[in-house]
Amino acid sequence: MFSSLEISGLKPRTWICVGAGYSREDVKEEIFRQGIGFVADALTTPQGIAAKIVGIPQNRILDKFSRQEVLRMLLVRLGGRLPTLREMRRQGRFFRKLDRALQAGRLFAAHDAELRVLLSRAEEVTGVLPLRSECSALEIGYQAWLEASEWYDPPRLFRSAIEKLESGGLENLREILPKCVMVLRPASLAVPALESAFFQSLGRVCRLETSPPISAQDSPGPVARLSWMRYHTLDDAADAIALELRREGTLDTSAVLIPDLPEVRRSFRRAATQAGLALADPRDPTWPKRAEGIKLA
């Protein structure tokens, strides 16, 4: 797949853009398996391309943990104006959920006018909700902080790159960007409107191509049959799953997905032990969070 692309050399003519749904390390492994050498610029991400267009280093882009700390700081400063959010902060993983919601909202609309229309339609259906109003106010403060501090998150990065792509000076950008960008993205995955607008603007400077699937994970397969069971308690559900695994004898070919919650892990471990299912790895994944030695360090 990659052998026909011009990704080798110090200045590759093609970049491979690894989008959501693919692992960058898996793509690197596949390229190396085909015996192809490449420089770091040849394998990038949508945010990486936008950063090159805007002209900022990667260390000026906030990761999710840094964004959560910024939101924590803003909520302390603006808490008096945001009573609903201030009350909700007592919930577990509150800032992780808040960051995820703000990022999704900032990526949902390609333009501010489109966002205003969507919010207006939402208010027509549900009325004015305090939580939505407070999130909008927090987003305004968050965006102002980004601009004043000269930090970027993915939505601001995409918007800045679109402005630069549409403001002219394409010859200078053609010297930075390659001739072609191969975008790795599953066809079934929905692309946020802002990211889609970025790629549309990028298509004015270089040729965009969408790759075929790297592996069989994207190829059409048999339609899965789903069945649902509802149990009275968490322990009842864990017991039923463990007994089903023992009865069917499919332990080697089955996977059980559970929420990353201590009470769920404890319940399922108890049920598996009672059903005679041996643990391949008895280590407790919550140990690093509970170990006093690690906390002290």
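Residues numbered from 1 in each chain as written. Predicted model: local features only at pLDDT ≥ 70, side-chain atom pairs only at ≥ 80, totals over all residues. Heavy atoms only, no water.

Quick look at the packing of helix H11 (residues 234-248) against helix H12 (residues 262-274)
Working note: a packed helix pair is described by the angle between its axes plus the distance between those axes. The condition that has to hold: Here the axes come from fitting lines to C-alpha atoms, over the contacting stretch only for helices, and the angles between their N-to-C directions go from 0 to 180 degrees. Under the scheme used here, helices are H or I runs from DSSP no shorter than 4 residues and strands are E runs no shorter than 2 residues, and both carry numbers assigned from the N terminus. In this scheme, roughly parallel covers angles under 35 degrees and roughly antiparallel covers those over 145, while 65 to 115 is roughly perpendicular and the rest are oblique. Should the near helix be turned anticlockwise from the far one by less than a right angle, the crossing is left-handed, and should it be turned clockwise, the crossing is right-handed. Residue contacts are defined here by distance: any two heavy atoms, one from each residue, within 4.5 Å place the two residues in contact. Just so you know the grouping, Ala, Val, Leu, Ile, Met, Phe, Trp, Tyr, Cys and Pro go in nonpolar, Asp, Glu, Lys and Arg go in charged, and all remaining residues, Gly too, go in polar.
Packing of H11 against H12 brings their axes to within 8 Å, and their N-to-C directions diverge by 40 degrees. The angle between H11 and H12 falls in the class oblique. When the axes of H11 and H12 are compared, the crossing they make is right-handed. Side by side, H11 and H12 meet where Leu234, Asp235, Ala238, Asp239, Ile241, Ala242 and Leu245 of the first sit next to Glu263, Val264, Ser267, Phe268, Arg270, Ala271, Ala272 and Gln274 of the second. Broken down by class, the residue content of the contact of H11 with H12 amounts to nine nonpolar, two polar and four charged.

Some details on the packing of aromatic side chains
Aromatic ring pairs: the centre-centre distance and the angle between the two ring planes describe each pair. The cut-off we apply is this: Aromatic pairing here means that ring centres of Phe, Tyr or Trp (its six-membered ring) are within 6.5 Å. Orientation follows from the plane angle: under 30 degrees is stacked, over 60 is edge-to-face, and everything else is tilted. Working definition: with a 1.4 Å probe on protein chains only, accessible area under 20% of the residue-type maximum means buried, over 50% means exposed, and in between means partly exposed. Here, over-ring charges are defined by two tests on the NZ atom of lysine or the CZ atom of arginine: distance to the ring centre within 6 Å, and angle to the ring normal within 35 degrees.
Here the structure, examined in full by the defined rule, presents four aromatic pairs. Arranged with centres 5.0 Å apart and planes meeting at 75 degrees, the rings of Phe94 and Phe95 form a pair that is edge-to-face. Accessibility classification places Phe94 together with Phe95 in one group, the buried group. Members of the aromatic cluster, joined through ring pairs, are Phe158, Phe198 and Phe199. One cation-aromatic arrangement involves Arg60 over Trp151; the distance from NZ or CZ to the ring centre is 3.8 Å. The ring of Phe199 has Arg185 sitting right over it, with the charged end atom 5.3 Å from the ring centre.

Here's the deal with the pairing of strand E4 (residues 207-210)
As a general feature of sheets, a regular strand has side chains that alternate between the two faces. Put simply, the rule reads: The criterion for strand pairing is that DSSP finds at least two bridges linking the strands in question.
Note that strand E3 (residues 180-184) and E4 share four bridges and pair parallel. Residue pairing in the sheet places Met182 in a bridge with Glu209 of E4.

Some thoughts on a nonpolar patch on the surface
This is how the line gets drawn: Nonpolar side chains (Val, Leu, Ile, Met, Phe, Trp, Tyr) are joined into patches within 5 Å and like charges within 9 Å, using only residues with over 30% relative accessible area and no salt bridge. Areas reported as accessible are Shrake-Rupley estimates using a 1.4 Å probe. Residue values count occlusion only from the protein chains shown. Only one rule defines a salt bridge in this text: a Lys or Arg side-chain nitrogen within 4 Å of an Asp or Glu carboxyl oxygen.
Nonpolar side chains collect at one region of the surface, where Ile241, Val256 and Ile258 lie side by side and expose about 200 Å² of accessible area between them. As for its placement among the helices and strands, Ile258 is situated in the loop between H11 and H12. Judged by its relative accessible area of 37%, Ile258 is partly exposed.

Some words on the packing of helix H8 (residues 154-166) against helix H10 (residues 193-202)
At a minimum axis separation of 9 Å, H8 and H10 run at an interaxial angle of 25 degrees. Classed by the angle they form, the pair H8 and H10 counts as roughly parallel. The hand of the H8/H10 crossing is left-handed. Contact residues: H8 offers Pro155, Phe158, Arg159, Ala161, Ile162, Leu165 and Glu166, while H10 offers Leu194, Glu195, Ala197, Phe198, Ser201 and Leu202. Residues belonging to the contact of H8 with H10 are distributed by class as follows: nine nonpolar, one polar and three charged.

A few points about the nonpolar core
Put simply, the test is: For the purposes of this section, nonpolar cores are sets of buried Ala, Val, Leu, Ile, Met, Phe, Trp, Tyr and Cys residues that join through side-chain atoms within 4.5 Å.
Ranked by size, the top nonpolar core spans 29 residues in total, and within it Ile49, Ile53, Leu157, Phe198 and Leu202 carry the most contacts. Mapped onto this core, the elements with two or more residues apiece are strand E1 (14-18), helix H2 (46-54), H8, helix H9 (170-176), E3 and H10. Ranked by size, the runner-up nonpolar core spans 16 residues in total, among them Leu74, Leu85, Leu98 and Leu138.

In short, shape yes, function no, at least from these values alone.
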